[in-house]
Amino acid sequence: LVAMSLPALALLGLEEPAADPAAAEAEAALFFSGNRVPAGAEPAAHCYCGHQFGSFAGQLGDGAAMYLGEVLGPGGERWEIQLKGAGITPFSRQADGRKVLRSSIREFLCSEAMFHLGIPTTRAGTCVTSDSKVVRDIFYDGNPKNERCTVVLRIASTFIRFGSFEIFKPPDEYTGRKGPSVNRNDIRIQMLDYVISTFYPEIQEAYSDNSIQRNAAFFKEITKRTARLVAEWQCVGFCHGVLNTDNMSIVGLTIDYGPFGFMDRYDPEHICNGSDNTGRYAYNKQPEICKWNLGKLAEALVPELPLEISELILQEEYDAEFEKHYLQKMRKKLGLIQLELEEDSKLVSELLETMHLTAGDFTNIFYLLSSFSVDIDPSKFEDFLEELTSQCASVEELKVAFKPQMDPRQLSMMLMLAQSNPQLFALIGTKANINKELERIEQSSKLQQLTADDLLSRNKRHWKEWLEKYRVRLQKEIESVGNADAWNTDRVKVMNSNNPKYILRNYIAQNAIEAAENGDFSEIRCYCSLSRLVRNVLKLLEHPYQEAGFQEVKEDAEEEGATAAAAVRAQETRSHQAYCSKPPLWASELCVT
């Protein structure tokens, strides 16, 4: 057992053992690796299709996840449980149905991190690893390596996704692929009845005598839930990485954590997935892509919901719901708790533009803003400005960020090809990629002449301009209340409960992965050293809005005994800095595929 989430396991009625935790962990490893099937379980794999990177891929299905059944929780809720990485399923195709320690730790930690951030998500109960190995070529560069097989216990009300309804799709006009259940409208009706009656009972009750109205109400609700979900992502800088239709939950949860990433330096075009060569799933594309995916769900519901009805719902509801929820959340992040003004949207846009211009850390800038006040005295303002600009990228960090990625000869050839043979160029490259590379070259050239003092001066100027606008807006809040001190107390409280101090940055996950991969598995025991850092990071992520630092968690772990030493080994070789600080330079070069 690498780690377990007690809050997630509590959903299933499982509690932390009062006695003999070693025996309890051994039992958890036995059942939650799939080596022993719980009584009453009927293992099965789910069949679904999906549009992957914009093209219909045909039948996919759970190639590495096994559904065990439903558990009735202590509160009466139904929870589906599944094991991800437990081996071959009927939908594994040529793969082995396995997941590895690296990807499983990331999924386990992020599932729980998102829940504690208050974002709808599937949950992760346990992470179990073994001595069994599989070969993986992590970066698809011809350098495979052996990695430990690992299984994650996933928990959700349902794992049905948009792609579940695409099994009825007739041959696609572009790919020629089709779903395995074409013309089986009886199954579509059965699935709709199940989904709506089980997960949208209020809609089933309100429209029990009219299936078209019922299905329209369901589509309207999943449209609004999806819009709110992606608004939440945008407000914490979360990038999913693979927003295919088979990775979209039918109940509006974040599902399937693969090459995800939380933004460090704010970049609206941030791409977290190293395999996303065209930037289809970039940070700023997520709202648009989720809307596109809803359009594909609408197509999959025909004839049970006519397309003219669903398309109108999508057009009328999605953008409005996204913008409303996004602005509401941003007002909370900025402490605008009293008034809702039209100018607020512009203030948010100008803040993000300032972050972009100064390469500010998305999470830490928002977190620091609660320390700003309208009547701050000049000396304290300068201190605040210093702290704020310390969260902006240094010259060295910018040089890494804007380092040209193409060989100059390759770029020259592509530019000539774009002019001489546009059709061939369209097959092997994109105009956007070339433009981005040219921008990198231009920025890289400018950075050679930029000094640290010049950068600091420029950043301070940008932030002074925006902070003055923010001060004016906060002044309007004060003028509308009777007690300014009480208002400020409430403002700071709201900001601190909406701006996390800790998120699962890629480098934090990487530290945990390296600690686990360097562990000695020859002696499995309670709180084994390999998983110490994984468990400590989990503790941290369970309290993202609190002041408790990672150092405190680390010290607590060290007090428990010498087994902590191996767990923090990888972290110590990297950096001693707190996990709430700006990431180290090496973090910008991490690549997740």
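If you look the protein chain up in an unreviewed UniProt entry, it shows as Selenoprotein O from Grantiella picta. The annotation that UniProt attaches to the protein chain under Cofactor (unreviewed entry) is "Mg(2+)". According to its UniProt record, the protein chain has this under Sequence similarities (unreviewed entry): "Belongs to the SELO family."

Draft legend 1. Here's a closer look at a negative patch on the surface. Negative charge collects at one region of the surface, where D375, D377, E382, D383, E387 and D485 lie side by side. With respect to the helices and strands, D485 occurs in helix 17 (residues 484–496).

Draft legend 2. Structural view of the pairing of strand 2 (residues 49–52). Relative to strand 3 (residues 55–59), strand 2 runs antiparallel, the two sharing 3 bridges. Looking at the pairing, C49 lines up with Q59 of strand 3. Linkage of strand 2 to strand 3, two consecutive antiparallel strands, is achieved through a turn of 2 residues, within which F53 is found at a positive phi near 50 degrees.

Draft legend 3. Representation of the pattern of salt bridges within the structure. Tallying each qualifying case throughout the model produces 37 salt bridges. With a closest N to O distance of 2.6 Å, D344 and R473 form a salt bridge. Here D344 is found in helix 9 (residues 344–358), whereas its partner R473 is found in helix 16 (residues 452–479), with 129 residues between them in sequence. Here the two residues D344 and R473 agree in accessibility, since each one is buried.

Draft legend 4. Highlighting the pairing of strand 7 (residues 123–136). Pairing of strand 1 (residues 3–4) with strand 7, which is carried by 2 bridges, proceeds in the antiparallel orientation. Its bridge partner being in strand 7, A3 is matched across the sheet by C127. Examined bridge by bridge, strand 7 and strand 8 (residues 145–156) share 10 bridges and lie antiparallel to one another. What sits directly across from C127, in strand 8, is V152.

Draft legend 5. Examining the packing of aromatic side chains more closely. Scanning the model with the defined rule gives 19 aromatic pairs in all. When the centroid spacing of 5.6 Å and the interplanar angle of 90 degrees are considered together, the rings of Y194 and F199 count as edge-to-face. Judged by centre distance (5.8 Å) and plane angle (90 degrees), the rings of Y257 and F260 are edge-to-face. Of the residues examined, Y257 reaches a relative accessible area of 3% and is grouped as buried. With a relative accessible area of 1%, F260 lands in the buried category.

Calculation rules
Residues numbered from 1 in each chain as written. Predicted model: local features only at pLDDT ≥ 70, side-chain atom pairs only at ≥ 80, totals over all residues. Heavy atoms only, no water. UniProt positions renumbered as here; feature names shortened; annotations may be inferred. Patch = residues over 30% accessible without salt bridge, like charges linked within 9 Å, V, L, I, M, F, W, Y side chains within 5 Å. Areas by Shrake-Rupley, 256 points an atom, 1.4 Å probe, with all protein chains shown as cover. Salt bridge = Lys/Arg side-chain N within 4 Å of Asp/Glu carboxyl O. Lys, Arg positive; Asp, Glu negative; His and termini not counted. Charge placed at Lys NZ, Arg CZ, Asp CG, Glu CD. Helix = DSSP H or I, 4+ residues; strand = E, 2+ residues; numbered from the N terminus. Pairing = 2+ DSSP bridges. Buried < 20%, exposed > 50% of the residue type's maximum accessible area, 1.4 Å probe, protein only. Phe/Tyr/Trp six-rings, centres within 6.5 Å; stacked < 30°, edge-to-face > 60°.

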